[in-house]
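Now for the letters of each chain:
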Amino acid sequence: MIAESTRTKRKNRTRHILMKAAFDRFARDGLAAARTSDIAASAGVSHGAVFVHFPSREDLLEAVVDELGTRVARRIHELSQTGASVKELLEAHVQGLAEFEPLYARLVMEESVLTPRAQSGVVMIQSAISEHLSHAVARESAAGTIRKMPFHLLFNTWIGLLHYYIAHAASFAAPGQSVLERHGPALVKHFWGLIKE
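Residues numbered from 1 in each chain as written. Predicted model: local features only at pLDDT ≥ 70, side-chain atom pairs only at ≥ 80, totals over all residues. Heavy atoms only, no water.

Trainee: Just checking my understanding: could you explain the domain arrangement of the protein for this structure?
Mentor: By a frequent convention, interface size equals the accessible area lost on bringing the separate parts together. Partitioning the protein into structural domains gives domain 1 (1–54) and domain 2 (56–195). Placing a centre on the C-alpha atoms of domain 1 and another on those of domain 2 gives a separation of 27 Å. Summed over the three residues of domain 1 that lose the most area to domain 2, namely Phe23, Leu31 and Phe54, the buried surface amounts to 46% of that side. Our count for the contact surface shared by domain 1 and domain 2 stands at 0 salt bridges. On the surface where domain 1 and domain 2 come into contact, there are 7 residue pairs in polar contact (both at pLDDT 80 or more). Among the secondary structure elements, those contributing two or more residues to the side of domain 1 that touches domain 2 are helix 1 (2–29), helix 2 (36–43) and helix 3 (47–53). Among the elements that make up the side of domain 1 that touches domain 2, the one with the highest residue count is helix 1 (8 residues). (Domains from an automatic or database assignment. Buried area = accessible area lost by both parts, 1.4 Å probe. Salt bridge = Lys/Arg side-chain N within 4 Å of Asp/Glu carboxyl O. Polar contact = N/O pair within 3.5 Å; in protein donor to acceptor, adjacent residues only side chain to side chain. Helix = DSSP H or I, 4+ residues; strand = E, 2+ residues; numbered from the N terminus.)

Right, here's the structure in full:
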């Protein structure tokens with residue numbers, strides 16, 4: 001029993017280390033270019049250890065997309081439970097994306113190279129954000145704080161604004177600088193100005 005518990009802990013620790021290395025490598029090298037051998041080297045494990053935890057490179061990438069979605073949506077979920085305002089949720093969205101901006105930027109720019117399951121993971125990230133934001137929008141729209149408009153247009157305009165800046169970061173931020181940290185507050189302020197009543 002003790003040996004199995006130790007083995008399980010070791011296995012979970014290795015998986016955690018591999019996921020961290022995969023986050024970093026996919027962000028740095030790209031979704032298509034990152035190699036499992038480089039991920040293993042970054043994690044300090046054998047190349048075979050990758051496949052003990054993930055049957056294929058695609059499974060590893062899908063796990064990374066799923067984990068990214070969980071991490072980005074976590075703060076917005078927590079805030080939505082407290083009745084946060086639309087503006088607070090937008091700010092939390094920017095902060096969540098900024099924390100993982102290099103990897104998220106790869107998803108924005110390289111989505112076409114993802115497997116259908118990983119593409120579904122990207123859709124799920126947007127769906128989670130949309131779900132929480134829609135409740136606040138409905139509440140504030142009913143109160144007359146923001147303009148009444150179809151939610152899909154509001155949400156897609158917001159995502160389009162973020163993705164434009166992320167995809168063209170070189171035009172908006174110095175190399176190595178987070179475009180969302182630099183421009184996120186201004187993007188929220190601008191978008192808020194468009195939707196407030």
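Trainee: Help me understand the packing of helix 5 (residues 86–99) against helix 8 (residues 151–167), please; the structure alone is not making it clear to me.
Mentor: Two numbers describe a pair of packed helices, the interaxial angle and the distance between the axes. Axis separation between helix 5 and helix 8 bottoms out at 12 Å; the angle between their running directions is 35°. When the axes of helix 5 and helix 8 are compared, the crossing they make is right-handed. Residue-level contacts link Leu90, His93, Val94 and Leu97 of helix 5 to Trp158, Ile159 and Leu162 of helix 8. For the contact of helix 5 with helix 8, the per-class residue count stands at 6 nonpolar, 1 polar and no charged. (Axes fitted to C-alpha atoms, helices over the stretch in contact; angles between N-to-C directions. Left-handed = near helix turned anticlockwise from the far one by under 90°. Contact = heavy atoms within 4.5 Å. Nonpolar A, V, L, I, M, F, W, Y, C, P; charged D, E, K, R; others polar.)

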